[in-house]
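Spelled out, the chains give:
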Amino acid sequence: MDDFEILAQTIKSQIDKVKDLDDIEKIRVATLGKNGNVTSLMKKISTLPSEEKADFGKKVNDLKLKIETMLSQKAASLKMEMLKSKFLERSLDMTIPGPLKSVGKIHVITQVINECVDVFSKMGFNVVEGPEIESVYYNFEALNTPQWHPARDLHDTFYISENLLLRTHTSPVQIRTMEKQQPPIRIISAGRVYRNDYDATHLPSFFQMEGLAIDRNISIADLKGTLESAIRAILGHDKIVRFRPHYFPFTEPSVEVDVSFEGKKEWLEVLGAGMVHPNVLRNVGFDPDIWQGFAFGMGMERIAMLKYGINDIREFPRNYLKFLRLF
Ligand code: DAH
């Protein structure tokens, strides 16, 4: 081993023992600094006889490079260790509150639907579903509303083809149910319906809940009792419920039911109902001399308007969060 190698070894073992960056700097000054031992070797080159210069110079340069590399590697690994221990010191504090997340809510109309489902379920009604794209047969014909019937004008809607339309009411679910199920029947069905309407109490797309009860001895007293107690359970027992004679092709007799709109001394119609028309029963193969029933179709937005005192039905689909968060 020559002197250069011994010097390199010595410096290496010094660097290996170093614990902090200050010591690295000390070694750098002691070796490569102005008066460092390696620097003085460099200075010595010019004083040597020319035949020794090249060899000596190369060895000093190699040594200098070696030391620089060792110092910078050691400095990097020291920095890394310091960083690691810093992270460990400051490890995750589980007690710091996280950023606030805004929590979603169930839409007010869905809430109302759920409440209505609750009330009618307790009265023995089962939930069924029907399609929003409906055939002319289920939406009109089977409900005793032939092509020429003036009631079809009130149910103007979006036609997909001559025989397919966006249902104008949930009443077709009555037919679909009676085709599949034998009496006694008690069902409700909630969902979207579509009409060519738009003002403070009408929407082109709104929610209805259909109800149907078929049994041997059902009378209009059952209809009145069921609807009155359901509406009061949903809206509050102080509510005044009014039954008003009306006309629907699929019920006979037919009624519309209004509820007093608080403070305003006004009425808001919330549903249509009636005793199921014998022709409707015949259309599904039920004998009207044995089976009778009542049916109703209730507007979900209207119930929400009454429940929360909202004057304009168009608030519901507006998706204005400040409004929706109120419920
Ligand atoms: N389908 C009617 C409408 O949307 C409401 C209705 C009336 C439903 C009488 C019924 C019923 O089930 O018996 O205007």
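No experiment lies behind these values; they were computed from the predicted model shown. (Residues numbered from 1 in each chain as written. Predicted model: local features only at pLDDT ≥ 70, side-chain atom pairs only at ≥ 80, totals over all residues. Heavy atoms only, no water.)

### Digging into the pattern of salt bridges
Once the charged atoms of two side chains with opposite charge are near each other, the side chains can pair. Applied cut-off: The term salt bridge refers to a pairing of a side-chain nitrogen on Lys or Arg with a carboxyl oxygen on Asp or Glu at a separation within 4 Å. Only DSSP runs of H or I with at least four residues qualify as helices, and only runs of E with at least two residues qualify as strands; both kinds are numbered from the N terminus onward. Only protein chains enter the area calculation, which uses a 1.4 Å probe; residues under 20% of their type maximum are buried, those over 50% are exposed, and those in between are partly exposed.
Counted according to the given criterion, the structure contains 17 salt bridges. Salt-bridge contacts for lysine 59 lead to aspartate 55; the nearest nitrogen and oxygen are separated by 3.7 Å. Of this pair, lysine 59 and aspartate 55 both sit in helix H4 (residues 50-89), four residues apart, which is roughly one turn of the helix. On the basis of relative accessibility, which here comes to 31%, the residue lysine 59 falls in the partly exposed class. Under the relative-accessibility criterion, aspartate 55 is labelled partly exposed at 45%. With a closest N to O distance of 3.0 Å, arginine 244 and glutamate 256 form a salt bridge. Note that arginine 244 is positioned in strand S6 (residues 241-248) and glutamate 256 in strand S7 (residues 251-261), a separation of twelve residues in sequence. Residue classification places arginine 244 among the partly exposed residues on the basis of a relative accessible area of 25%. It is possible to trace a salt-bridge network through shared partners that takes in Arg242, Arg244, Glu256 and Asp258.

### Topic: the packing of helix H1 (residues 3-17) against H4
What counts here: Note on geometry: axes are lines fitted to C-alpha atoms, helical ones only across the stretch in contact, with angles between N-to-C directions running from 0 to 180 degrees. In what follows, roughly perpendicular refers to angles from 65 to 115 degrees, roughly parallel to angles under 35, roughly antiparallel to angles over 145, and oblique to any angle outside these ranges. In what follows, residue pairs with any heavy atoms lying within 4.5 Å of each other are defined as contacts. Residues were grouped as follows: Ala, Val, Leu, Ile, Met, Phe, Trp, Tyr, Cys and Pro as nonpolar; Asp, Glu, Lys and Arg as charged; and all remaining residues, including Gly, as polar.
With their axes 11 Å apart at the nearest point, H1 and H4 run at an angle of 10° to one another. For the element pair H1 / H4, the angle class is roughly parallel. Contacts between H1 and H4 pair Phe4, Leu7, Ala8, Ile11, Lys12, Ile15 and Asp16 from the former with Phe56, Lys59, Val60, Leu63, Lys66, Ile67, Met70, Leu71 and Lys74 from the latter. Residue composition of the contact of H1 with H4, by class: eleven nonpolar, no polar and five charged.

### Quick look at the pairing of strand S4 (residues 185-194)
To keep it simple, the criterion reads: Being paired, for any two strands, means DSSP has found at least two bridges between them.
In terms of burial, S4 is largely enclosed, as seven of its ten residues are buried. Judged from the two bridges that link them, strand S1 (residues 126-127) and S4 form a sheet pairing that is parallel. Following the sheet pairing, valine 127 is matched in S4 by isoleucine 188. Pairing geometry for S4 and strand S5 (residues 205-215), over ten bridges, is antiparallel. Within S5, the residue paired with arginine 186 across the bridge is alanine 213.

### What to know about the site of the ligand
As a reminder, the rule being used: Nearness here has a simple test: a residue counts as near a molecule or strand if at least one of its heavy atoms is within 4 Å of that partner. Counting of polar contacts relies on pairs of N or O atoms within 3.5 Å, with two restrictions inside protein: one atom must be capable of donating a hydrogen and the other of accepting it, and residues adjacent in sequence are counted only when both atoms are side-chain atoms. With residues, only the protein chains shown are counted as cover, and all accessible areas are computed by Shrake-Rupley using a 1.4 Å probe.
With respect to spatial proximity, 15 residues lie near the ligand, and among them His169, Gln174, Arg195, Gln208 and Glu210 are the closest. Here a nitrogen atom of the ligand sits 2.8 Å away from a polar atom, N or O, in the side chain of histidine 169. One nitrogen or oxygen atom from the main chain of phenylalanine 296 is found 3.2 Å from an oxygen atom belonging to the ligand. Its free accessible area being 350 Å², the ligand has 94% of it covered by the protein chains. Counting only elements with at least two residues in the shell around the ligand, the list comes to S5, strand S8 (266-276) and strand S9 (292-299). Looking at the shell around the ligand residue by residue, the class counts come to five nonpolar, eight polar and two charged.

### Regarding the sheet that holds S4
An order of S1-S4-S5-S9-S8-S7-S6 is seen for the seven strands of this open sheet, with the pairing classed as mixed. Looking at which strands have only one partner, the edges of the open sheet turn out to be S1 and S6. Direction of pairing for S5 relative to S9: antiparallel, over a ladder of eight bridges. By the bridge assignment, alanine 213 is partnered in S9 with phenylalanine 294. Across the sheet, helix H5 (residues 108-122) is in contact with S1, S4, S5 and S9; its angle to S5 comes to roughly 5°.

### Quick look at the domain arrangement of the protein chain
Frequently, the measure chosen for interface size is the accessible area that the parts lose on association. Basically, it comes down to this: Residue ranges labeled as domains rest on an automatic or database domain assignment.
The domain boundaries assigned to the protein chain delineate domain 1 (3-90) and domain 2 (108-324). For domain 1 and domain 2, the distance between their C-alpha centroids amounts to 91 Å.

### Some words on the packing of aromatic side chains
Applicable threshold: When the centres of two rings from Phe, Tyr and Trp lie within 6.5 Å, Trp using its six-membered ring, the rings pair. Their planes under 30 degrees apart give stacked, over 60 give edge-to-face, and anything left gives tilted. Geometrically, a charge over a ring is one whose NZ (Lys) or CZ (Arg) sits within 6 Å of the ring centre while staying within 35 degrees of the ring normal.
Applying the stated criterion across every chain yields a total of eight aromatic pairs. Relative to phenylalanine 56, the ring of phenylalanine 4 has its centre 5.3 Å away and its plane inclined at 70°; by these criteria the two rings are edge-to-face. Linking phenylalanine 4 in helix H1 with phenylalanine 56 in helix H4, this pair joins segments that are 52 residues apart in sequence. The pair formed by phenylalanine 4 and phenylalanine 56 is uniform in burial state, with each residue classed as buried. When the centroid spacing of 4.7 Å and the interplanar angle of 55° are considered together, the rings of tyrosine 308 and phenylalanine 327 count as tilted. Of this pair, tyrosine 308 sits in helix H11 (residues 300-308) while phenylalanine 327 sits in the segment after helix H12 (321-324), and the two are 19 residues apart along the sequence. You can call tyrosine 308 partly exposed: its relative accessible area is 31%. Three or more aromatic residues link up through ring pairs in this structure, and these residues are Tyr308, Phe316, Phe323 and Phe327. Sitting above the plane of the tyrosine 138 ring, arginine 176 keeps its charged end 4.1 Å from the centroid. Lying over the aromatic face of tyrosine 198, arginine 314 brings its terminal NZ or CZ to 5.2 Å of the ring centre.

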